[in-house]
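# Fold and contact review
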Amino acid sequence: MNSPSPALDLFLDLAAIPSPPGEERAVADVVLRYLRDLGLEPDEDGCGPEIGSTIGNIYVRLEPTVAGTPLFFCAHLDTVPPSGPLEPVVEDGTVRNAGGTILGADNKSAVVQMLEGVRRVLAERRPHAGIELVFTPKEEVGLIGAYAFDHDRLHADLGYVYDQAAAPGEIILGAPWSESMEVQFHGRAAHSGMFPEEGRSAIQAAAKAIADLRLGRVDEETTANVGVISGGTAGNIVPEWCTFLAEARSQSQSKLHALVQEMLDAYTFAATATDCEVEWQLRKSYQGYTLKRDDDVVSLAARALAACGYEPTYAMSGGGADANVFNERGRYCVNLANGMTDIHTSTERISVSDLDGMVDVTLALVHAALAG
């Protein structure tokens, strides 16, 4: 590679390839080819058909060359679905999409930063205590690939994802617990003009329930949302069904349980008040975690960031990432900010300096993990 920024070249290639959840094949093939060109032997597990994706999880391991602490790095290959063409361009040192939709820096920038870090470890014969890479599908719709990955394959107990949209230097110490719910109200259909008294409006019941919910930011640790609602069959028929999707998140597991129960109570009360019936399905979206500044995985990140000229800062995240799954499975995993900005929007962007800077952080993490 003769480019002053091999990371940029690879990122432009990946960002031009659509990879919405479940349709990651084309991007995965580029990643697999890249790893094989480095002389590595990546493999892809068989979870794809089970989770509704065109790919499984990609895994590769570099055998250690010296003593120290092995590390794993993880990034996801899917993006939120683009709503227009993917035409990544570089303007004034920043990569944007000229097609009026997402760029896909979430999380292809992290994929590139990890791949380029490994390429340089090999090309420059840098000593390391063992490096493992995991690239997952369907993160954006519930961390599904990470949950399907066999975590017992990992030799490393400490790892990193780069999936926080902020300037490099920010270290995420925790992420929330989350539960999602699908709620369906059942009423009774009737002609709305001739026999409205005989009907029982499921939409009215759902509206009453939603009106009684505490939505948005409930407190400094907790949020709730209703995101999708549908129901009824025609404007002149009292609607016999209405369904909506809701979620709750909290940094406190006990607060989350209390809020979810409060929401379920609101559904039951609304159904009773409108002479309807209600049923729901609860699903744990992901389990939260909290790390401490003196945990090895955190202090190592702080040293690596400082070595690269970034002042370490600490924050809690309001969203989930593959790090939630690794921590749930007993692997200490930190989410690091990597320079992504305005993710999931048409103004999504990342600077070339941040793209390259997190390659240096990857190398610094590998160096900081050496014994002695």
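Counting starts from 1 at the beginning of each chain's written sequence and moves along it residue by residue. In keeping with the model being predicted, local features are shown solely for residues with a pLDDT of at least 70 and side-chain atom pairs are shown and tallied solely at 80 or more, while totals for entire chains, interfaces and linings include all residues. Computation of side-chain values: all heavy atoms of the structure, hydrogens and water removed.

Put simply, a salt bridge is a Lys or Arg side-chain nitrogen that is within 4 Å of an Asp or Glu carboxyl oxygen. All chains considered together, the criterion is met by 19 salt bridges. Two residues, Arg-119 and Glu-116, come together in a salt bridge whose shortest N-O distance is 2.7 Å. Of this pair, Arg-119 and Glu-116 both sit in helix 4 (residues 105–123), 3 residues apart, which is roughly one turn of the helix. Throughout this description, buried means an accessible area under 20% of the type-specific maximum (1.4 Å probe, protein chains only), exposed means over 50%, and partly exposed covers the range between. Glu-116 sits in the buried class, given a relative accessible area of 4%. Overlapping salt bridges bring together Arg-120, Glu-124, Arg-126 and Asp-360 as one network. Runs of E in the DSSP output that reach at least two residues are strands. Runs of H or I that reach at least four are helices, and both are numbered from the N terminus.

To continue, consider the nonpolar core. In terms of nonpolar packing, the biggest core is built from 78 residues, with Phe-73, Leu-133, Phe-135, Tyr-160 and Leu-365 touching the most fellow members. Looking at this core, the element that brings in the most residues is helix 10 (residues 352–368), giving 9 residues. Whether two residues touch is decided by their heavy atoms; if any such pair falls within 4.5 Å, the residues are in contact. Residues within four places of Phe-135 in sequence aside, it is in contact with Val-31, Leu-35, Gly-56, Asn-57, Ile-58, Ala-75, Leu-77, Val-111 and Leu-115. To qualify as a nonpolar core, a set must consist of buried Ala, Val, Leu, Ile, Met, Phe, Trp, Tyr and Cys residues joined through side-chain atoms within 4.5 Å. Membership of the second largest hydrophobic core comes to 25 residues, among which are Trp-177, Ala-206, Cys-242 and Leu-259.

The terminal C-alpha atoms of helix 2 (residues 25–37), which comprises 13 residues, lie 18 Å apart, in line with the 18 Å expected from a rise of 1.5 Å per residue. On its buried face, helix 2 sits against helix 1 (6–15), strand 1 (43–44), strand 2 (58–62), helix 4 and strand 6 (131–136). One or two steps after helix 2, the chain reaches Gly-39, where phi turns positive at roughly 85°. The span you would expect from a helix comes to 1.5 Å times its residue count less one.

Let us look at the sheet that holds strand 4 (residues 88–91). As summarised here, the arrangement of the 3 strands in space is 4-5-17, forming an open sheet in which the pairing is antiparallel. Two strands close off the open sheet at either side, each with one partner strand: strand 4 and strand 17 (349–351). The average angle at which neighbouring strand axes cross in this sheet is 25°, direction not considered. Each axis is a line fitted through C-alpha atoms, taken for helices only over the stretch in contact, and angles between the N-to-C directions span 0 to 180 degrees. Each of strand 4, strand 5 (94–97) and strand 17 touches helix 1; the most contacted strand, strand 4, lies at about 140° to it. Lying on the sheet, helix 10 is in contact with strand 4, strand 5 and strand 17; it crosses strand 17 at an angle near 65°. Strand pairing is assigned whenever DSSP detects at least two bridges linking the two strands.

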